[in-house]
Amino acid sequence: TQMVMWTVEIEKLQKLIAGAGATAPPKQAQKSPEDEEESSFNAMVSEMMLKDMRRADLLLDNLTYLQKEVDEIEHDSVLLGVMLAEKVMEGEAAQAAMYS
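These numbers were taken from a predicted model, which means no experiment stands behind them.

When you look at the overall build of the protein chain in this model, what are you seeing that I'm missing?
If you tally the helices and strands in the protein chain, you get three helices and zero strands. The order of α-helices and β-strands along the protein chain, N terminus first, is α-α-α. Split into buried and exposed, the 100 residues of the protein chain put 15% on the buried side. Taking the contacts inside the protein chain whose residues are at least 6 apart along the sequence as the reference set, 87% of them involve residues at least 24 apart. Carbon and sulfur atoms provide 62% of the accessible area of the protein chain, an area that totals close to 7,900 Å².

See below:
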């Protein structure tokens, strides 16, 4: 579950950093944030289950592998959070410069 949640959060951070959503689809085509998150969560669970079913290791080895994956994705999330913070700071500095 941690893997799925972190992966969903990384997708959100990547969209924010890339400026996704700047061109919004027509109103009737927009999904609610809850629907979008649930859809993303379900797709990620399915993908991870398929990957895990292909593995042929023992339970302890699998748990060790999954913990390593969680650690890596948490690290990626931190890095993306820092990148987003830098982008926000740059935007605020640009706005401050416009009004000074």
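Alright, that's what it looks like, and here's the rest.
Looking at this model, I keep getting lost on the packing of helix H1 (residues 2-18) against helix H3 (residues 59-98). Mind explaining?
Geometry of a packed helix pair, given as the angle between the helix axes and the separation of the axes. Relative to each other, H1 and H3 sit at 20°, their axes nearing to 9 Å. It follows that H1 is roughly parallel to H3 by the angle criterion. Crossing of H1 against H3: the hand is left-handed. Facing Gln 2, Met 3, Trp 6, Thr 7, Ile 10, Leu 13, Gln 14, Leu 16, Ile 17 and Ala 18 of H1, the residues of H3 in contact are Glu 69, Val 70, Ile 73, Glu 74, Asp 76, Ser 77, Leu 80, Gly 81, Met 83, Leu 84 and Lys 87. Here the residues of the contact of H1 with H3 sort into 12 nonpolar, five polar and four charged.

Help me out: how do you make sense of the packing of aromatic side chains in this one?
For any two aromatic rings, the description comes down to two numbers: the centre-to-centre distance and the angle of the planes. Inspection of the entire model under this criterion finds zero aromatic pairs. For Arg 55, the ring lying beneath its charged end belongs to Tyr 65, and the centroid distance is 3.6 Å.

Is there a simple way to explain the packing of H1 against helix H2 (residues 33-54) in this structure?
Contact geometry for H1 and H2: axes closest at 9 Å, N-to-C directions at 125°. Classified by the angle their axes make, H1 and H2 are oblique. By crossing handedness, the relation of H1 to H2 is classed as right-handed. Together, Met 3, Val 4, Met 5, Thr 7, Val 8, Glu 9, Glu 11, Lys 12 and Lys 15 of H1 and Glu 36, Glu 37, Ser 40, Phe 41, Met 44, Val 45 and Met 48 of H2 make up the contact between the two elements. Residues belonging to the contact of H1 with H2 are distributed by class as follows: eight nonpolar, two polar and six charged.

What am I meant to see in the pattern of salt bridges here?
Working definition: two side chains of opposite charge can pair if their charged atoms are close together. With the rule as written, the count across this model stands at five salt bridges. Linking Lys 51 and Glu 47 is a salt bridge whose minimum nitrogen-to-oxygen distance equals 3.5 Å. Pair noted here: Lys 51 and Glu 47 are both in helix H2, with a separation of four residues, about one helical turn. We classify Glu 47 as partly exposed; its relative accessible area is 38%.

About the thresholds
Residues numbered from 1 in each chain as written. Predicted model: local features only at pLDDT ≥ 70, side-chain atom pairs only at ≥ 80, totals over all residues. Heavy atoms only, no water. Helix = DSSP H or I, 4+ residues; strand = E, 2+ residues; numbered from the N terminus. Buried < 20%, exposed > 50% of the residue type's maximum accessible area, 1.4 Å probe, protein only. Contact = heavy atoms within 4.5 Å. Areas by Shrake-Rupley, 256 points an atom, 1.4 Å probe, with all protein chains shown as cover. Axes fitted to C-alpha atoms, helices over the stretch in contact; angles between N-to-C directions. Parallel < 35°, antiparallel > 145°, perpendicular 65-115°, else oblique. Left-handed = near helix turned anticlockwise from the far one by under 90°. Nonpolar A, V, L, I, M, F, W, Y, C, P; charged D, E, K, R; others polar. Phe/Tyr/Trp six-rings, centres within 6.5 Å; stacked < 30°, edge-to-face > 60°. Lys NZ or Arg CZ within 6 Å of the ring centre and 35° of its normal. Salt bridge = Lys/Arg side-chain N within 4 Å of Asp/Glu carboxyl O.

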